Amino acid sequence: MKTRIEIESVTVTKLILLLSVGFLIVPPVARSQTTPEATSIPKQIDLVKQLDVATARSEGELKKGEESLRAINVPRIGEQQTVTVGFDWNEVQTTLKKARTSLIKSLNKSELLPLRNYVELNYPSPELRVLGFKGEVLLASKATTQEAFKDVKDFLDTLHKFESLTTDLEVRSSEASAFVDIWPDGKSPRTKTTDTSYKGLFRGHYNYKIYKDGFRPASGTFNTIKENLVVLICTLVSTSDSGSSTCLQK
């Protein structure tokens with residue numbers, strides 16, 4: 001008969017063996033639920049929902065304003081019918097401004113800051129043709145009003161078509177080990193050395209600066225709205241030479 005000590009020793013040995021085998025056969029992702037990929041999935045879902053809410057609110061403001069626009073009609077020459085020639089210029093501008101403000105205010109998560117910056121810089125600016133006054137009402141032409149609303153709708157539609165809210169960036173330079181700073185307005189730079197890559201950048205508008213001792217720095221902006229991979233190719237010019245350092249986005 002085995003003693004209690006012998007039984008416990010065998011049990012502990014089996015337990016250690018089982019744990020060792022389990023550790024070897026369980027895939028890494030299954031063993032750990034704290035990998036960046038695993039933790040980013042709920043965040044991505046939450047951000048997608050917020051973006052959908054933001055664009056829906058903006059579209060709602062646009063639709064409400066468009067439906068309530070005061071049409072300015074004039075009679076057709078020689079007929080009793082009237083035709084719409086334009087809309088109240090101030091009402092059109094107010095509606096477009098409300099839709100823009102609603103979208104920007106709703107993009108309030110820190111991860112969506114680059115996208116918010118992009119919207120602030122690239123939201124369509126209407127070019128309304130002024131027809132004159134009817135009474136005290138300044139008239140915007142019907143055609144340019146309709147075009148302005150279409151431009152905004154198309155802009156909002158592009159925000160619905162992202163395959164992913166993140167993209168990748170590669171930075172290459174003619175001189176090895178140059179420093180590169182990448183940052184959206186309102187955040188601190190992320191500094192690396194070339195050649196390098198930034199994985200999982202949230203889509204939007206970014207600033208960059210690339211520099212190295214003995215060479216002229218290059219700086220500028222880029223956006224990651226349409227591309228799944230953005231590549232910056234930088235040519236650094238020595239301070240002893242004429243000309244400027246430049247970067248091209250591909």
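Each remark here, short or long, concerns the structure printed above.
Residues numbered from 1 in each chain as written. Predicted model: local features only at pLDDT ≥ 70, side-chain atom pairs only at ≥ 80, totals over all residues. Heavy atoms only, no water.

A. How the structure looks around the sheet that holds strand S7 (residues 190–193). The strand order across the open sheet built from four strands is S7-S6-S9-S10, with neighbouring strands paired in antiparallel fashion. Of all the strands in the sheet, just S7 and strand S10 (218–223) have a single pairing partner and so form its edges. Along the sheet, successive strands turn relative to each other by an average axial angle of 20 degrees, direction set aside. Relative to strand S9 (residues 205–211), strand S6 (residues 179–183) runs antiparallel, the two sharing five bridges. Paired with Phe 179 across the two strands is Tyr 211, which belongs to S9. (Pairing = 2+ DSSP bridges. Helix = DSSP H or I, 4+ residues; strand = E, 2+ residues; numbered from the N terminus. Axes fitted to C-alpha atoms, helices over the stretch in contact; angles between N-to-C directions.)

B. Examining the packing of aromatic side chains more closely. Summed over all chains, the structure comprises five aromatic pairs. Ring plane angle 10 degrees and centroid distance 6.1 Å describe the contact between Tyr 118 and Phe 155, whose orientation is recorded as stacked. Placement of Tyr 118 in helix H5 (residues 113–122) and of Phe 155 in helix H6 (residues 142–158) is noted, with a sequence separation of 37 residues between them. Judged by relative accessible area, Tyr 118 falls into the buried class, the value being 11%. Judged by relative accessible area, Phe 155 falls into the buried class, the value being 8%. (Phe/Tyr/Trp six-rings, centres within 6.5 Å; stacked < 30°, edge-to-face > 60°. Buried < 20%, exposed > 50% of the residue type's maximum accessible area, 1.4 Å probe, protein only.)

C. Structural detail: the environment of Ile 233. Along the polypeptide, Ile 233 turns up in strand S11 (residues 229–235). C-alpha of Ile 233 to C-alpha of Asp 195: the two residues are 38 residues apart in sequence and 9.6 Å apart in space. Discounting residues that sit within four places of it in the chain, Ile 233 has contacts with Arg 172, Thr 246, Cys 247, Leu 248 and Lys 250. (Contact = heavy atoms within 4.5 Å.)

D. View of unusual backbone geometry. Note that the residue after Thr 194, namely Asp 195, is joined by a cis bond; omega there is -15 degrees. Of note, Ser 177 is a non-glycine position whose phi angle comes to about 60 degrees, a positive value. Examined against the element boundaries, Ser 177 turns out to sit in the loop between strand S5 (166–173) and S6. Judged by its relative accessible area of 44%, Ser 177 falls in the partly exposed class.

That is the geometry; function is a separate question.
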